[in-house]
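If you want the building blocks of each chain, they are given just below.
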Amino acid sequence: MDFYKGRVLKIDMSSRTADVEPLNMDWARLYVGGKGLMLRYLWELTEPGMDPWSPENPLIIAPGPFAGTNVSTCSRVVLGGKSPASGTILDSYCGGSFGSVMKFAGYDMIIVQGCAPELTAVLISDDEVSFVPAAKYAGMLTAELEASLRTDFDPHMTSLSVGPAGEKKLPWACVSNDQYHKAGRGGTGALMGSKNLKAIAVAGTGRVDVGDARAFLDDIERIDTDYILTDTNYWVHEEGTPVLVDVTNGGGCQPTRNYAAGSFDGADKINSDAFKKIRVKKRACYQCTLACRNFHRMDDVEGEGPEYETIALCGSNCGIDDIGALMEFNHLCDEYGLDTISTGNVMGLAMDLTEKGIHDFGLHFGDAESYLKVPELLATRSGIGAELAMGTRALAAKYGHPELGMEVKGLEAPGYDPRGSFGMSIAYATSDRGACHMRSFPIGVEVVEGSMPADTLDESKAEFNVNFQNHYAFKFCGIWCDFWAIDYEQMGMLMKHLWKRDVTEEEMTQVGERVWNLGRLFNLREGFGRDEVPEAWLEKPFTKGVSAGKIIGTTRFNEVLNKYYALRGWDENGVPTEAKLTELGMDVRL
Amino acid sequence: MPHVMISSKKCTGCHMCELGCSAFHEGGFQPSRARLFAEVNPTTAVIKGHTCLQTGCAKCEAACTNGAIVRRTVTVTPSGDFPGKEKVGESVTGVVLVVDEDKCSACGDCYDVCPYGVIHEHPERKVAFKCDLCEGDPQCIAFCQNQYVLAVDLKVDKADRAIAAEV
């Protein structure tokens, strides 16, 4: 078969056995791969109301059909399940090489269920799957763990692994691949940890077929030249994500001191120009021509990142403008396996509670010394880490100040405050995994390009979010990376190789919409209803900066949310109508 | 003589070279059968390229008792480009070392002497396989990150220096 391997590897950690099942090709046609296919399997494998910490919660690992070819950026892999952090769908992505290599090993998907009686590593070498007691790796940090796995088993293998944070089931523990690539959000690491699974390592020697390989190579070379190595995408190679620091700071939407402001006085010490001074080289994910990753070195700390989200949440949101401290902090989060977005939110909140005299966590805005101790404390749930581990929503509620916690559906917010980019309020509210900028990104038109006003919220923003979400839901089936600004025409050129016929924009949009509705159905099934965002974003304007004094307003927000639901064919509680599900050819119902 | 080299400093570790190579020669994407490879340490970003230096090395040719490593004339015109830079389109004619499959007995003598580990026994055909510069359009270069990451080195003296440094 071309592109797909047609095989799903099902791993049961309880019995420590593995089986291979054929990939459901009916679903592959409806949902393509990646996000969509993962969600369809998730729906099938779970009962309503399932406890996300239970052994039944599946960890579903799925690249897209183009993984293992030379289609740029498509090494990405989704890690899915029910989120231990939020209870919504979990779909978290990472680059690196795991997605491609698992295809060479012969699998389109790996599904892990059950719970091992002791900490275990799973080793996959083509058809061979083995389960190894992992007591010797317990508590091991990412770099040492990956090096040990390569030494102990196979120098060519790549792994998904958790650090101490995942072993301790921290709700926002992440999963690491190739050291710096993280399936960051929603608690992928907590899910792995709940299965007593320290690492899944894979090595593959097999082949991914594409039909006429030489014709395919010629076409990809053309697409690379015409659509990837272009001025539109070049910023990711020249700058990388730190370029966003100046953009959001200038637009008044960079989280600062627990969202008290939208711009940060110390931004020029942690922006792209500052990081360029310590850049050593550019690095790429497997099968990617863009090479967005910056490898930095400063004093005795070296490594890739920090990326923009880390700079914003663990930098400005904590009042930190010391680039050395930020490098060190990012390194510690990589090593212990922490999502930096959630970590930066929780720390900003703890600093805020401390400085307002509500509770003294010993953390202060701008104090690097205490801040650098937090990753280890969180990952080991010791000291203040034991309490901070409850996460933003519970921590803010415990101290009687829910208004200070910036989260949606329990997932902490990324680095774009809606008060400087009004469209982001609808994007965050309707995102299928809680506060997330990777489903729709109105900030791109509102702040980066300025082609839509940043300080208005009306039906055009509802429509923008619908279209963007459909586009990205399809894109993440591919799985194309966010950093390739690929449009439907370009995706169609690649889909033509997959489906061996011309594929229209309408067809791709419909797959995206189908995937989006499936995520919605899952969340509704698990008890979520009408969408909300923190009140501060709607009613509490900034007092300084370009976005000072601007208010979205709760009434306006709800009017536009209703328009969004109407455009989606959903009722006022965000429930898809039967007509919409029929139109989309959906094969599931609540 | 034309041959391919990977600059360890410029390589980003994307492995596109291995993917292009295997698809061209094997009919599908299979880096385990690529004729070159980049050894990447993901943590330290230290990268070491492994490529055939052709006649600049020729240890396989010297070791082969069957005369199965033969010299073939090839004109190489590399493709690939990047914004703001000229196309790397200069042609060069020279000699590559290829395996004469009728004479090769897969004895393994050449595998042992190759300093870069880029000649092996083919898993299906019982013969050695190695880089032949893809009939003049090396796919490793066509799919390299940018033309400055990996390039065909056209000078014999440079190859000699590289061998002296690495062996």
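Residues numbered from 1 in each chain as written. Chains lettered and ligands numbered in written order. Predicted model: local features only at pLDDT ≥ 70, side-chain atom pairs only at ≥ 80, totals over all residues.

1. With respect to the overall build of chain B
Along chain B, the regular secondary structure elements total 5 helices and 8 strands. Each helix and strand of chain B, ordered N terminal to C terminal, gives the series β-α-β-β-α-β-β-α-β-β-α-β-α. The buried share of chain B, reckoned over its 167 residues, is 46%. If you take every contact in chain B between residues at least 6 apart in sequence, the share linking residues at least 24 apart comes to 69%. (Helix = DSSP H or I, 4+ residues; strand = E, 2+ residues; numbered from the N terminus. Buried ≥ 20, exposed ≤ 12 C-beta atoms within 10 Å, placed from the backbone. Contact = placed C-beta atoms within 7 Å.)

2. Some details on the overall build of chain A
Each helix and strand in chain A was counted, giving 25 helices and 17 strands. A globule of 590 residues ought to have a C-alpha radius of gyration of about 25 Å, and chain A, at 22 Å, matches this closely. C-alpha extents for chain A along the principal axes are approximately 60 × 55 × 45 Å. Relative to its 590 residues, chain A shows a buried fraction of 60%. (Rg over C-alpha atoms; globule rule 2.2 N^0.38 Å.)

3. Some details on the nonpolar core
Membership of the largest hydrophobic core comes to 225 residues, with the highest contact counts inside it found for Met109 and Val202 of chain A. Counting residues per element, this core draws most heavily on helix α20 (residues 459–478) of chain A, which supplies 9 residues. (Core = buried A, V, L, I, M, F, W, Y, C linked by C-beta atoms within 7 Å.)

4. So, the interface of chain B and chain A
At the interface, 26 residues of chain B touch 34 residues of chain A. Broken down by secondary-structure element, the contributors of at least two residues to the side of chain B that touches chain A are α1 (16–26) and α4 (139–142) of chain B. The biggest single contributor to the side of chain B that touches chain A is α1 of chain B, with 6 residues. Grouping the constituent residues of the side of chain B that touches chain A by class yields 12 nonpolar, 12 polar and 2 charged. (Nonpolar A, V, L, I, M, F, W, Y, C, P; charged D, E, K, R; others polar.)

5. Looking at the domain arrangement of chain A
Residues and elements named next belong to chain A. Domain boundaries in chain A define domain 1 (7–203) and domain 2 (240–405). Computed over C-alpha atoms, the centres of domain 1 and domain 2 are 26 Å apart. With 31 residues of domain 1 at the interface, the matching set in domain 2 holds 25 residues. Elements that contribute at least two residues to the side of domain 1 that touches domain 2 include exactly α4 (142–152) and α5 (164–167). Looking at the side of domain 1 that touches domain 2, the element that brings in the most residues is α5, giving 3 residues. Residue classes in the side of domain 1 that touches domain 2 are distributed as 13 nonpolar, 16 polar and 2 charged. (Domains from an automatic or database assignment.)

6. Comments concerning the packing of α20 of chain A against helix α24 (residues 554–568) of chain A
Residue and element names in this part refer to chain A. It is at 9 Å that the axes of α20 and α24 come closest, and there the two elements cross at 45°. The orientation of α20 with respect to α24, classified from their angle, is oblique. In the crossing of α20 with α24, the sense of the turn from one axis to the other is right-handed. Taking contact as the criterion, the partners of Glu459, Lys461, Ala462, Glu463, Asn465 and Val466 in α20 are, on α24, Val560, Lys563, Tyr564, Leu567 and Arg568. (Axes fitted to C-alpha atoms, helices over the stretch in contact; angles between N-to-C directions. Parallel < 35°, antiparallel > 145°, perpendicular 65-115°, else oblique. Left-handed = near helix turned anticlockwise from the far one by under 90°.)

7. A word on the pairing of strand β3 (residues 59–63) of chain A
Residues and elements named next belong to chain A. Within β3, 5 of the 5 residues are buried, which leaves the element mostly enclosed by the surrounding structure. Note that β3 and strand β6 (residues 109–113) share 3 bridges and pair antiparallel. Across the sheet, Ile60 pairs through a bridge with Ile111, a residue of β6. Pairing analysis gives 4 bridges linking β3 to strand β4 (residues 77–82), with the strands arranged antiparallel. Counted as the bridge partner of Ile60 is Gly80 from β4. (Pairing = 2+ DSSP bridges.)

8. Quick look at the sheet that holds strand β8 (residues 128–133) of chain A
Residue and element names in this part refer to chain A. In spatial order, the strands read β8-β7-β12-β9-β10-β11; together these 6 strands make up an open sheet with mixed pairing. The two strands at the open ends of the sheet, each matched to only one other strand, are β8 and β11 (181–183). The sheet shows a mean angle of 20° between the axes of neighbouring strands, taken without regard to direction. Sheet analysis places strand β9 (residues 158–161) next to strand β12 (residues 197–203), joined by 4 bridges and oriented antiparallel. Each bridged residue has a counterpart across the sheet, and for Thr158 the counterpart in β12 is Val202. Along the sheet face, α4 touches β9, β10 (175–177) and β12 and points at about 140° away from the line of β9.

9. Topic: helix α11 (residues 308–315) of chain A
Residues and elements named next belong to chain A. With respect to burial, α11 is a largely interior element, 8 of its 8 residues being buried. Within α11, the full set of buried residues consists of Tyr308, Glu309, Thr310, Ile311, Ala312, Leu313, Cys314 and Gly315. In the core, the buried residues of α11 are packed alongside α9 (244–251), α12 (323–336) and α13 (340–355).

10. A closer look at the sheet that holds strand β5 (residues 89–94) of chain A
Hydrogen bonds along the backbone pair up the strands of a sheet, which may run parallel or antiparallel. All names here are of chain A. Reading across from one edge, β2-β1-β6-β3-β4-β5 is the order of the 6 strands in this open sheet, with mixed pairing throughout. Bordering the open sheet on either side are β2 (17–22) and β5, each of which pairs with just one other strand. Between one strand axis and the next, the sheet turns by 20° as a mean value, whatever way the strands run.

11. Quick notes on the environment of Phe143 of chain B
Topologically, Phe143 of chain B is positioned in the loop between α4 and β8 (150–153). As a C-alpha pair, Phe143 of chain B and Gln30 of chain B span 113 residues in sequence and 15 Å in three-dimensional space.

12. A word on helix α8 (residues 231–238) of chain A
Residue and element names in this part refer to chain A. Those residues of α8 lying buried are Asn233, Val236 and His237. Buried residues along α8 cover an arc of 100° about the axis, so they all sit on one side. Exposed and oriented more than 90 degrees from the buried face of α8 are Asp231 and Glu238. At its buried positions, α8 is contacted by α7 (213–228) and β13 (279–283). (Arc of directions from axis to C-beta.)

13. What to know about unusual backbone geometry
Following Gly305 of chain A, the chain continues to Pro306 of chain A via a peptide bond in cis, the omega torsion being 5°. Along the chain, Pro306 of chain A falls in the loop between β15 (301–304) and α11. For the bond from Gly478 of chain A to Ile479 of chain A, the omega torsion is -10°, close enough to zero to count as cis. Examined against the element boundaries, Ile479 of chain A turns out to sit in the loop between α20 and α21 (488–499). A positive phi is found at Phe3 of chain A, a non-glycine position, where the angle reads about 70°. Counting through the fold element by element, Phe3 of chain A comes out in the segment before β1 (7–12). Despite not being glycine, Leu133 of chain B has its phi angle at roughly 60°, a positive value. The residue Leu133 of chain B is located in the loop between β7 (128–129) and α4 in this model.

14. Side note on the environment of Gly415 of chain A
Residue and element names in this part refer to chain A. Mapping Gly415 onto the fold places it in the loop between β17 (411–412) and α18 (423–430). Assessed through the 26 C-beta atoms surrounding it within 10 Å, Gly415 is described here as buried. Sequence separation between Gly415 and Ala312 is 103 residues; the distance between their C-alpha atoms is 5.5 Å. Discounting chain neighbours no more than four positions away, the residues touching Gly415 are Thr248, Gln254, Pro255, Tyr308, Glu309, Ala312 and Leu313.

15. Comments concerning the environment of Leu45 of chain A
All names here are of chain A. By the element assignment, Leu45 lies in helix α2 (residues 34–45). The class for Leu45 is partly exposed, based on 17 C-beta atoms found within 10 Å. Each C-alpha atom of the pair Leu45 and Gly405 lies 33 Å from the other, and the pair is 360 residues apart in sequence.

16. Comments concerning the confidence of the model for chain B
All names here are of chain B. Per-residue pLDDT for chain B has a mean of 84; in total, 80% of the residues score no lower than 70. Here helix α5 (residues 156–166) stands out as the element of chain B with the lowest mean pLDDT, 46, in contrast to β7, whose mean of 98 is the highest. Here residues 82–87 is a poorly scored stretch, pLDDT under 50, and it has 9 contacts once near neighbours within four places are set aside; other chains count. Within the model, pLDDT remains below 50 along residues 159–167, and this stretch shows 12 contacts once partners closer than five positions in the same chain are excluded. The complex prediction reports pTM at 0.96, with the ipTM value standing at 0.95. (pLDDT = per-residue confidence, 0-100.)

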